[in-house]
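Here are the chains, one letter per residue:
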Amino acid sequence: MSYSLQKKVIIWSFLFIPVALMLLFLIYPTLQLFRYSITNWDGYSESLKYIGFDNYKKLIFDFPDAWKAIGNNGIYFIVHLLFIPIEVMTAVLLNRTIRGSSFFRFTVLMPYIINGIAVAYMFSYIYNPVNGPLNELLKWMGLESLITGWLSNLSIVNYSLVAVSLWRFSGVHIILILAGLQSIPTDLYEAAKMDGAGFWTQLRHITLPGIRRVMEIILFLNISGALLQYDIPYVMTGGGPGTASSTFGLFSLQTAFTYNNYGLASAMAVSLLILIICFSSIQNWIIKDRSES
């Protein structure tokens with residue numbers, strides 16, 4: 001056997017297992033998801049009926065709760081998006097040689113390491129209207145007028161849940177931005193200082209362009225995380241009061257496992273996948289257009 005042939009055999013041998021696993025656990029389930037989305041399968045019957053795009057039509061025209069759930073996902077996206085500048089500034093400060101910066105780096109990452117279900121239960125206790133730490137703190141500060149049912153008030157329940165999401169995921173965004181900052185050559189900053197550039201000028205012309213690729217990743221995580229959000233509202237409110245805090249992901253799970261309509265739930269999952277691809281493509285186009293103009 002020639003050296004070239006041996007090389008190809010070794011390469012294909014190493015690639016076989018990961019490719020086989022990808023086909024088995026990613027490609028095949030995705031294809032099955034598309035297949036089930038055009039059926040009326042209930043999740044346990046051996047037979048199913050192909051009904052074309054009826055599930056998609058029903059989702060668009062006959063499910064106002066689904067659109068409301070998408071709106072709730074939008075709240076997660078917008079609030080996280082508005083919080084990104086704060087994450088950037090925090091990462092910039094942590095990147096500087098200040099006392100205790102290593103401790104603070106570990107601290108901001110801790111919420112992401114903690115199990116999401118544990119985080120949800122922890123904040124359920126914090127938001128507890130009866131002797132909950134948050135309301136007790138407001139009472140101690142003399143702000144009784146702000147005391148409310150954080151998870152039962154229809155007007156603020158989604159923002160209470162978004163605050164939990166911010167606390168959990170902002171840390172990993174900061175660490176990613178910090179990694180991007182540390183990849184920028186220090187020579188650029190030294191040259192800018194010699195030219196008389198201040199902090200804000202360096203931030204605009206060196207720091208932000210230098211972390212553009214990292215920002216693309218963070219914005220993608222923001223889009224996918226916002227649209228796939230389900231664990232925090234599921235544990236803390238169950239989508240309530242009523243359907244006030246239900247997200248599209250949670251609504252999909254309830255459609256499948258509560259109402260046994262796996263065909264419609266599959267259509268919802270496909271729609272969610274398409275939304276993530278579309279929003280990510282639009283976001284990448286906007287970033288590329290701005291950076292090249």
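Below is a short write-up of the structure. (Residues numbered from 1 in each chain as written. Predicted model: local features only at pLDDT ≥ 70, side-chain atom pairs only at ≥ 80, totals over all residues. Heavy atoms only, no water.)

## Here's the deal with the environment of N135
Our working definition: Numbering of helices and strands runs from the N terminus, with a helix taken as a DSSP run of H or I at least four residues long and a strand as a DSSP run of E at least two residues long.
Tracing the backbone through its elements, the reader meets N135 in helix α6 (residues 133-140). Residues N135 and S271, spaced 136 residues apart in sequence, show a C-alpha to C-alpha distance of 39 Å.

## A word on the side chain of Q229
Condition: To sort residues, take the accessible area from a 1.4 Å probe on protein chains only and compare it with the maximum for the residue type: under 20% means buried, over 50% means exposed, and anything in between is partly exposed. Note on contacts: a residue pair is in contact if any heavy atoms of the two residues lie within 4.5 Å.
For Q229, the location among the structural elements is in the loop between α10 (212-228) and α11 (231-236). Its relative accessible area of 5% is what places Q229 among the buried residues. What Q229 contacts, discounting residues up to four positions off in sequence, is N73, Y76, S165, F169, T247, G249 and L250.

## Some remarks on the packing of helix α3 (residues 64-95) against α10
Note the cut-off: Lines fitted to C-alpha atoms define the axes, with helix axes restricted to the stretch in contact, and inter-axis angles between N-to-C directions lie between 0 and 180 degrees. Working definition: roughly parallel below 35 degrees, roughly antiparallel above 145 degrees, roughly perpendicular at 65 to 115 degrees, and oblique for all remaining angles. Put simply, a crossing is left-handed when the front helix is turned counterclockwise from the back one by less than a right angle, and right-handed when it is turned clockwise. Under this grouping Gly is polar, as are all residues other than the nonpolar Ala, Val, Leu, Ile, Met, Phe, Trp, Tyr, Cys and Pro and the charged Asp, Glu, Lys and Arg.
One can describe the packing of α3 onto α10 by two numbers: an axis separation of 8 Å at closest approach and a directional angle of 150°. Viewed along their axes, α3 and α10 adopt a mutual orientation that is roughly antiparallel. Note on packing geometry: the crossing formed by α3 with α10 is right-handed. When α3 is examined against α10, the residues N73, Y76, F77, H80, L81, I84 and V88 are found in contact with a partner set consisting of M215, I218, L219, N222, I223, A226, L227 and L228. Considered class by class, the residues forming the contact of α3 with α10 number twelve nonpolar, three polar and no charged.

## Some points on unusual backbone geometry
Of note, the bond from G240 into P241 is cis; its omega dihedral lies within 30 degrees of zero at -5°. Along the chain, P241 turns up in the loop between α11 and α12 (248-257). Even without being glycine, N131 reaches a positive phi, approximately 60°. Within the element layout of this structure, N131 appears in the loop between α5 (116-126) and α6.

Limitation: the analysis is restricted to geometry and does not speak to function.
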